[in-house]
Amino acid sequence: EEGAALILAAPERRRSNDSLYDYRPSNDLLYLTGFEEPESAALFLPGHPEHPFVAFVRRRDPAREVWDGARLGVEAACERLGAQRAHPIDELYARLPELLVDRRRLVYALGEDEEADREVVRCVRKARWLARRGRAAPLAILDPRELLHEQRLLKAPEEIAALRRACQVSAEGHLRGMRCTRPGMREYELQAEIEYHFKQAGARAPGYTTIVGAGANACVLHYVDNRAPLRDGDLVLVDAGAEVQWYTGDVTRTWPVNGRFTGYQRTVYDLVLRAQMDVIREVRPGLPWPELHRRAVRTLTEGLVDLGVIEGPVERALEQKTYARYYMHGTGHWLGMDVHDVGAYARRGEEGRPLEPGMVFTVEPGLYFPPDDADCPEPWRGIGVRIEDDVLVTADGCEVLTAAAPKEPEEIEEIVGRPA
Ligand code: GLY
Ligand code: MN
Ligand code: MN
């Protein structure tokens, strides 16, 4: 009750000349208020007798609204946002000092926006000046993120519903992608087919830049160029997720362009799938987070030694991390409003946090054999496979939210190139 919390909207960003990037509100503000407009802020004053929540929004502006669309405006803000008071955003820094008087702590995320930081610090100084005759002013500026992100890590039922939908739509997009794949099409055409499904199914946009990597492009982890042709005989790796109600899916599937795995492709695919299933089978409350990666690494390393890609024995390969040349990323990450969602993977003093019901994360092992890796036996070079699903931790295990995207190789071979 002695604190105040100020949460600012993300700034708009210029793409080039006078056009802006598609506006994506900041997740912390969305999480707390649901408000989607740029140039806004929420000020929380817990325990305040008249206005525990003060909203700052853009003024109505008929001339601007002709160009940019309707704004909520100050008059409608209280009712729509549940605030007790609303002011125009251009008055934020003029009003803030007085609103901070008698508040001992200001909760505000320093370090995101230097200009805003300067203004906020100036307001705290001004509040101290106003408080000099027997009132109080903030002693400290505290970061909201540890607390807020801990809350965001454990999903509420409404959040799980949104994630469920985002994951379903993401998985369906992959299914559509498989169906319309044919040799000779471009990576971006496949991207367009998948994203078309996302939008048709009610997603606002992809939750991150879609990766479509054909052939050896699959070995570039964040490949987004997406311009190469899909060649007969190659695999294509697609990492694409739909964003629904500001929550995103994150799904990867890898399939043969012509609908048939070669023997070598199938061997790599089966190994990655086995690693993924081994991890998913382990997921349950209480399991420490790092165990998931350990499990994936063990299965992949055993397989790589068996194939003669890396030298055994397995225990030494694990110790010396020789697998890391072909499996260089983690096995998963929290998922939510951000694709790499917020929340600590280990709390202070912990090696890894135990899983809890309501956590959502990805399971995404892969193997990538670069085309120019002289140490890699020739037949494997240029093959890249990742299989990524999103799971919700339940009371006694987990639920795979992206199960609608086929991943059994026989099923994939049935579907690829066969429009529904
Ligand atoms: N799509 C980004 C990732 O899988 O982490
Ligand atoms: Mn992904
Ligand atoms: Mn991921």
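Below or above, wherever it landed, is the structure these notes cover. Note that the structure is a prediction, hence the values are computed from the model and not measured. (Residues numbered from 1 in each chain as written. Chains lettered and ligands numbered in written order. Predicted model: local features only at pLDDT ≥ 70, side-chain atom pairs only at ≥ 80, totals over all residues. Heavy atoms only, no water.)

Brief notes about the coordination of the manganese ion (ligand 2)
Taken together, the protein donors to the manganese ion (ligand 2) comprise Asp239 (OD), Asp239 (OD), Asp250 (OD) and Glu388 (OE), at separations of 2.0 to 2.3 Å. Given six donor atoms and angles of 57 to 171° at the metal, the environment of the manganese ion (ligand 2) is assigned as irregular. All donor residues of the manganese ion (ligand 2) come from one chain, and their arrangement in sequence is D-x10-D-x137-E. A distance of 3.3 Å spans the gap from the manganese ion (ligand 2) to the manganese ion (ligand 3), which Asp250 bridges by coordinating each metal. With Asp250 in the loop between strand S13 (247–248) and strand S14 (251–256) and Glu388 in the loop between strand S17 (384–386) and strand S18 (389–393), this residue pair connects regions lying 138 residues apart in the sequence. Both residues of the pair, Asp250 and Glu388, count as buried. (Donors = N, O, S within 2.8 Å, 3.2 Å for Na, K, Ca; no water. Tetrahedral: all angles 85-135°; square planar, octahedral: opposite > 155°, others 65-115°. Helix = DSSP H or I, 4+ residues; strand = E, 2+ residues; numbered from the N terminus. Buried < 20%, exposed > 50% of the residue type's maximum accessible area, 1.4 Å probe, protein only.)

What to know about empty space enclosed by the protein
A complete count under the given rule lists one cavity of 30 Å³ or more for this structure. Within this model, the largest cavity holds a volume of roughly 40 Å³. Taken together, Leu29, Thr33, Phe35, Ser40, Ala41, Ala42, Phe53, Ala55, Phe56, Val57 and Leu81 form the lining of the largest cavity. Going through the elements one at a time, helix H1 (27–33), strand S4 (41–44) and strand S5 (53–57) are the ones with two or more residues in the lining of the largest cavity. Among the elements that line the lining of the largest cavity, the one with the most residues is S5, at four residues. Of the residues that constitute the lining of the largest cavity, the class distribution is nine nonpolar, two polar and no charged. (1 Å grid on protein atoms, 1.4 Å probe; cavity = no way out; pocket = protein on both sides within 12 Å on 5 of 7 lines; lining within 4 Å. Points joined across faces, edges and corners; volume = space filled by probe spheres on them. Nonpolar A, V, L, I, M, F, W, Y, C, P; charged D, E, K, R; others polar.)

Observations concerning the environment of Arg164
With respect to the secondary-structure elements, Arg164 resides in helix H7 (residues 157–179). Overall, Arg164 belongs to the partly exposed group, its relative accessible area being 36%. The spatial distance from the C-alpha of Arg164 to the C-alpha of Ala70 is 30 Å, given a sequence separation of 94 residues. In contact with Arg164, not counting residues within four places along its chain, are Leu392, Glu399 and Leu401. (Contact = heavy atoms within 4.5 Å.)

Re the packing of helix H9 (residues 263–282) against helix H10 (residues 290–307)
The contact between H9 and H10 brings their axes to 9 Å, and the two run at 155°. Classified by the angle their axes make, H9 and H10 are roughly antiparallel. Judged by the twist between their axes, the crossing of H9 over H10 is right-handed. Contacts between H9 and H10 involve Thr267, Leu271, Val272, Arg274, Ala275, Asp278, Val279 and Glu282 on the former and, on the latter, Leu292, Arg295, Ala296, Thr299, Leu300, Gly303, Leu304 and Leu307. A per-class count over the contact of H9 with H10 returns nine nonpolar, three polar and four charged. (Axes fitted to C-alpha atoms, helices over the stretch in contact; angles between N-to-C directions. Parallel < 35°, antiparallel > 145°, perpendicular 65-115°, else oblique. Left-handed = near helix turned anticlockwise from the far one by under 90°.)

Here's the deal with the coordination of the manganese ion (ligand 3)
For the manganese ion (ligand 3), the full set of protein donor atoms is Asp250 (OD), His333 (NE2), Glu364 (OE) and Glu388 (OE), at a range of 2.0 to 2.2 Å. One can describe the site at the manganese ion (ligand 3) as irregular: its six donor atoms subtend angles covering 51 to 154° at the metal.

Focus: H9
Between its terminal C-alpha atoms H9 stretches 29 Å, which fits the 28 Å expected from 20 residues at 1.5 Å a residue. Looking only at H9, the buried set comprises Gln265, Val268, Tyr269, Leu271, Val272, Leu273, Ala275, Gln276, Asp278, Val279 and Ile280. (Expected span 1.5 Å × (residues − 1).)

What to know about the site of ligand 1
Near ligand 1 you find Tyr208, Asp239, Asp250, His333, His340, Glu364 and Glu388, and these make up its full shell. One of the side-chain N or O atoms of Asp239 is found 3.1 Å from a nitrogen atom in ligand 1. Side-chain polar atom of Asp250 to a nitrogen atom of ligand 1: 3.1 Å apart, as the coordinates give it. In isolation ligand 1 has 200 Å² of accessible area, and contact with the protein removes 90% of it. One can see that ligand 1 is located within the second largest pocket. (Near = heavy atom within 4 Å. Polar contact = N/O pair within 3.5 Å; in protein donor to acceptor, adjacent residues only side chain to side chain. Areas by Shrake-Rupley, 256 points an atom, 1.4 Å probe, with all protein chains shown as cover. Sits in = over half its atoms within 2 Å of the grid points.)

Concerning the state of the cysteines
Scanning all chains against the criterion turns up zero disulfides. Here Cys167 is not cross-linked by a disulfide; its sulfur's nearest cysteine counterpart is in Cys398, at 12 Å. The buried category is assigned to Cys167, whose relative accessible area is 0%. (Disulfide = S-S within 2.5 Å.)

A few points about the packing of aromatic side chains
Inspection of every chain in the model, using the stated rule, returns 10 aromatic pairs. Seen in terms of ring centroids, Tyr264 and Trp380 are 4.9 Å apart; in terms of plane orientation they differ by 90°. Their pairing is edge-to-face. Here the residue Tyr264 occupies a position in helix H9, and Trp380 occupies one in the loop between strand S16 (366–368) and S17, the gap between them amounting to 116 residues. Put simply, the rings of Tyr264, Tyr326, Phe369 and Trp380 touch in pairs and so form one group of aromatic residues. (Phe/Tyr/Trp six-rings, centres within 6.5 Å; stacked < 30°, edge-to-face > 60°.)

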